[in-house]
Amino acid sequence: MKRVFAMVMAVVMAAVMFAGCSAGGNNNASNNSGSGDTIKVGLLGPHSGEYAVYGLGVRNGAELYFKKVNEAGGINGKQIELVVYDNKGDDTEAVTAFTRMVDEGVTALVGDVLTGNTLAVVGEANAVNMPMITPSATAAAVTVKEDGTVYSNVFRTCFIDPFQGEKMAAFAAEVLGVKTAAVFAQTGNDYAQGLADAFKAKCAELGVEIVAEEGYAKGDVDYKSQLTNIAAKNPEVVFCPNYYEDDGLIVTQARQVGVTGTFLGGDGWSGVKNYASADVLEGSYYCSGYAPASTDAVKQFEEEFVAAYGKDTLNMFAATAYDAAMIMCAALEKAEETGYAPASEEYKQAVIDAIRTEGPNVKGITSEGGYTFDEYNNPIKDAVIIKVTGGEEVFDRMF
Amino acid sequence: MSVFTTIIKQLINGLQSGSIYALVALGYSMVYGIIMLLNFAHGDVIMVGAYIAWMMMARFAANPIIALIAAVIGCTVLGVLIEKAAYKPLRQSPRISLLITAIGVSYFLENVAQLVFGANAHVIPTFIDDTPIQLGQIAIPTTALITVIVAGISMVALNVLVKKTRMGKAMRAVSEDAGAAQLMGININNTISFTFAVGSALAGIGSVLYCCAYPKATPTMGSMLGLKAFVAAVLGGIGSIPGAMAGGFAIGIAEALVSSAGLSEWKDGVVFAILIVVLLVKPTGLMGRPMTEKV
């Protein structure tokens with residue numbers, strides 16, 4: 001009996017070793033073919049685990065566009081070969097996966113998805129000057145090093161939080177034509193303060209006077225005292241960049257103490273309709289990165305996406321990933337003109353340069369006005385303005 | 001809008017939240033007066049009242065008035081149940097056991113609410129027309145007006161109950177000297193239960209007023225409200241009914257003034273600083289009976 005067992009074990013072990021060898025062989029083979037007639041693009045994100053809905057949204061959104069390009073003949077006659085790795089939402093896995101992608105000869109990366117994973121990868125990516133576009137990491141530190149210099153190779157297609165403050169200030173000044181504004185933001189909340197600071201800075205630039213600025217502490221339910229102060233200054237708009245539960249109570253109490261101005265908010269407002277009556281919310285605006293079924297381009301994308309992958313992973317990040325793929329393809333197209341071999345240093349630099357020069361011409365589905373990248377590689381793009389009317393949050397315009 | 005009207009409006013804001021604190025503080029004070037127990041579960045009774053109001057309106061589409069009555073009755077029954085189940089068996093135990101039990105009941109209620117209703121906030125549909133009432137230059141929110149009036153009526157009714165009725169007389173007697181009251185033929189257990197019922201009914205009214213002003217119910221909404229009402233009761237003199245009212249209004253107005261001065265993050269700090277100062281300077285509070293320990 002023992003002998004039989006030993007025999008079986010030996011066979012199994014031999015099989016395992018053999019399999020290991022052949023896998024290694026494959027890797028080597030693909031490594032050598034990096035400069036062949038395909039362009040390898042990495043797709044990295046959490047495709048399993050609790051954040052899978054984001055990771056799969058990004059993977060599917062980007063894949064949808066790359067497949068379309070391949071079907072249309074590829075880039076300069078070369079097919080795009082996707083190298084897909086699941087980082088399981090783990091920082092270490094993300095770095096390991098990225099290193100393997102580099103070994104396999106990828107030219108560019110769409111990802112990572114979660115802010116934490118992306119922060120783990122950017123250092124490695126910067127060291128090899130890998131062009132990368134994250135469709136979803138919102139932290140400022142993703143494109144800027146600790147010492148304040150910019151990672152020249154890292155871009156994103158989502159907007160960073162403070163950008164929403166700028167957008168709403170511009171919206172108030174240019175669309176609503178207001179001259180006075182008030183700000184009411186939760187104290188000690190980075191998101192709310194980030195938006196509020198950006199709003200105030202942009203207002204100063206556009207000549208909108210901030211007549212009142214109030215704050216509240218986390219967990220407060222009574223805002224009447226601060227709102228009474230705001231009402232006394234009678235601002236035309238009140239910028240309230242907090243989360244929906246608080247926003248609902250704030251708007252309700254504001255109307256009670258006689259604040260008549262229009263309320264503006266950021267994407268934290270999404271879902272506010274369930275937290276205040278239709279009457280008090282009527283005519284409020286907030287901005288967001290993506291609104292389902294808003295424009296024709298978005299509707300077409302959603303149809304194609306659902307046909308290919310179903311509804312489950314259709315989210316904002318699927319849309320921004322689609323745009324990231326679009327920018328990447330435009331940049332690769334440009335880089336092909338240089339005649340360098342894909343994955344070479346010169347080629348990667350050409351892609352990075354091309355992301356900047358070609359971005360503004362890319363009519364993305366979440367930004368019809370194109371993607372212009374600022375000095376910190378953050379996109380200056382359209383935001384979706386959503387208006388609360390009749391108790392519903394409806395798409396108003398791209399701005 | 002002039003500075004004067006703004007100040008008046010801030011005072012009205014303070015009166016509105018102060019009325020709610022006062023109603024809750026009354027419950028604290030009455031229970032403390034009668035069995036020397038700081039009933040820390042009192043704030044959570046309000047939370048349960050808010051959930052009852054929400055359930056009646058959102059789930060069973062009940063008329064707001066019926067929902068309010070249900071909330072008040074629910075709170076009353078709950079208050080009596082808590083007394084019978086948690087405090088009565090400990091009547092002869094040291095007071096520290098009662099205090100710990102009260103904290104336990106508080107956590108129990110909060111966690112049951114979280115289990116049953118979830119940690120998310122539930123929004124209570126608005127049931128009062130929000131158009132402010134114009135008085136000269138000053139627009140008074142309808143909810144503020146209703147809150148202050150209802151609280152005022154409740155307090156007057158309570159005063160009549162305590163001062164003019166037989167049951168009130170029994171309550172005062174038990175709080176004066178439970179042993180002697182028993183010798184005079186007063187049923188102490190019934191009197192204590194009745195006190196809990198009245199205190200909890202006031203909490204029920206408080207929860208309804210709270211829901212008018214801040215229409216959402218969360219499992220932990222009662223804890224901070226309860227603590228602040230406790231401060232109000234101490235400030236007014238714990239055990240004293242007029243003291244609890246005065247303390248509640250004082251805390252509400254202090255909060256409103258601190259917030260309007262742009263120091264909203266300091267609001268809770270100021271309230272608890274008041275508690276510390278009162279305990280250091282005048283532990284019996286504004287209207288409390290001087291405590292003479294018999295040797």
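Evaluation of the coordinates by the stated rule reveals three cavities of 30 Å³ or more. In this structure, the largest cavity occupies an estimated 70 Å³ of space. Forming the boundary of the largest cavity are D222, K224, S225 and Q226 of chain A together with N13, G14, S17, G252, E255, A256, S259 and K267 of chain B. Those elements that place two or more of their residues in the lining of the largest cavity are α7 (224-233) of chain A together with α1 (3-35) and α10 (241-260) of chain B. Across the lining of the largest cavity, the residue classes tally to one nonpolar, seven polar and four charged.

Before going further, it helps to examine the domain arrangement of chain A. Residue and element names in this part refer to chain A. Considered domain by domain, chain A is made up of domain 1 (34-159 + 295-381) and domain 2 (162-288). Spacing between the C-alpha centres of domain 1 and domain 2 amounts to 34 Å. On the side of domain 2, four residues touch domain 1, which itself brings four residues to the contact. In total, about 400 Å² of surface goes out of reach between domain 1 and domain 2, with carbon and sulfur atoms giving 73% of it. When the buried area of domain 1 at its contact with domain 2 is split by residue, F159, M316 and K381 rank highest and sum to 86% of it.

On to the pattern of salt bridges, then. Scanning the entire structure with this criterion turns up 18 salt bridges over all chains. For D220 of chain A, the salt bridge identified is with K267 of chain B, shortest N-O distance 3.5 Å. Residue D220 of chain A is found in the loop between β7 (209-216) and α7, and its partner K267 of chain B is found in helix α11 (residues 267-281); the two belong to separate chains. This pair shows no difference in class: D220 of chain A is buried, exactly as K267 of chain B is. Between K334 of chain A and E358 of chain A there is a salt bridge, with its nearest N and O atoms 4.0 Å apart. Pair noted here: K334 of chain A is in helix α11 (residues 316-336) and E358 of chain A is in helix α12 (residues 345-358), with a separation of 24 residues, a long-range link.

Before going further, it helps to examine the side chain of T218 of chain B. Structurally, the position occupied by T218 of chain B is in the loop between β4 (216-217) and α9 (221-236). Aside from chain neighbours lying at most four places away, what touches T218 of chain B is M47, Y51 and A121 of chain B.

This part covers the packing of α9 of chain B against α10 of chain B. Residue and element names in this part refer to chain B. Relative orientation of the contacting elements α9 and α10 amounts to 120°, with a least axis distance of 7 Å. In terms of orientation, α9 and α10 fall into the oblique class. At the point where α9 passes α10, the crossing takes the right-handed sense. Taking contact as the criterion, the partners of K228, V231, A232, L235 and G236 in α9 are, on α10, G243, A244, G247, G248, A250, I251 and E255.

So, on to helix α5 (residues 161-174) of chain A. Between the first and last C-alpha of α5 of chain A there are 21 Å, a value that for 14 residues agrees with the 20 Å anticipated at 1.5 Å per step. By the burial criterion, the buried members of α5 of chain A are F163, Q164, G165, K167, M168, A169, A170, F171 and A172 of chain A.

Contact with chain B, which involves 27 residues of that partner, is made by 26 residues of chain A. Together chain B and chain A conceal approximately 2,200 Å² of surface at their shared face, both sides included; 51% is due to carbon and sulfur atoms. Summed over the shared surface of chain B and chain A, the result is three salt bridges. The residue D246 of chain A makes a salt bridge to K216 of chain B at a minimum N-O spacing of 4.0 Å.

Calculation notes
Residues numbered from 1 in each chain as written. Chains lettered and ligands numbered in written order. Predicted model: local features only at pLDDT ≥ 70, side-chain atom pairs only at ≥ 80, totals over all residues. Heavy atoms only, no water. 1 Å grid on protein atoms, 1.4 Å probe; cavity = no way out; pocket = protein on both sides within 12 Å on 5 of 7 lines; lining within 4 Å. Points joined across faces, edges and corners; volume = space filled by probe spheres on them. Helix = DSSP H or I, 4+ residues; strand = E, 2+ residues; numbered from the N terminus. Nonpolar A, V, L, I, M, F, W, Y, C, P; charged D, E, K, R; others polar. Domains from an automatic or database assignment. Contact = heavy atoms within 4.5 Å. Buried area = accessible area lost by both parts, 1.4 Å probe. Salt bridge = Lys/Arg side-chain N within 4 Å of Asp/Glu carboxyl O. Buried < 20%, exposed > 50% of the residue type's maximum accessible area, 1.4 Å probe, protein only. Axes fitted to C-alpha atoms, helices over the stretch in contact; angles between N-to-C directions. Parallel < 35°, antiparallel > 145°, perpendicular 65-115°, else oblique. Left-handed = near helix turned anticlockwise from the far one by under 90°. Expected span 1.5 Å × (residues − 1).

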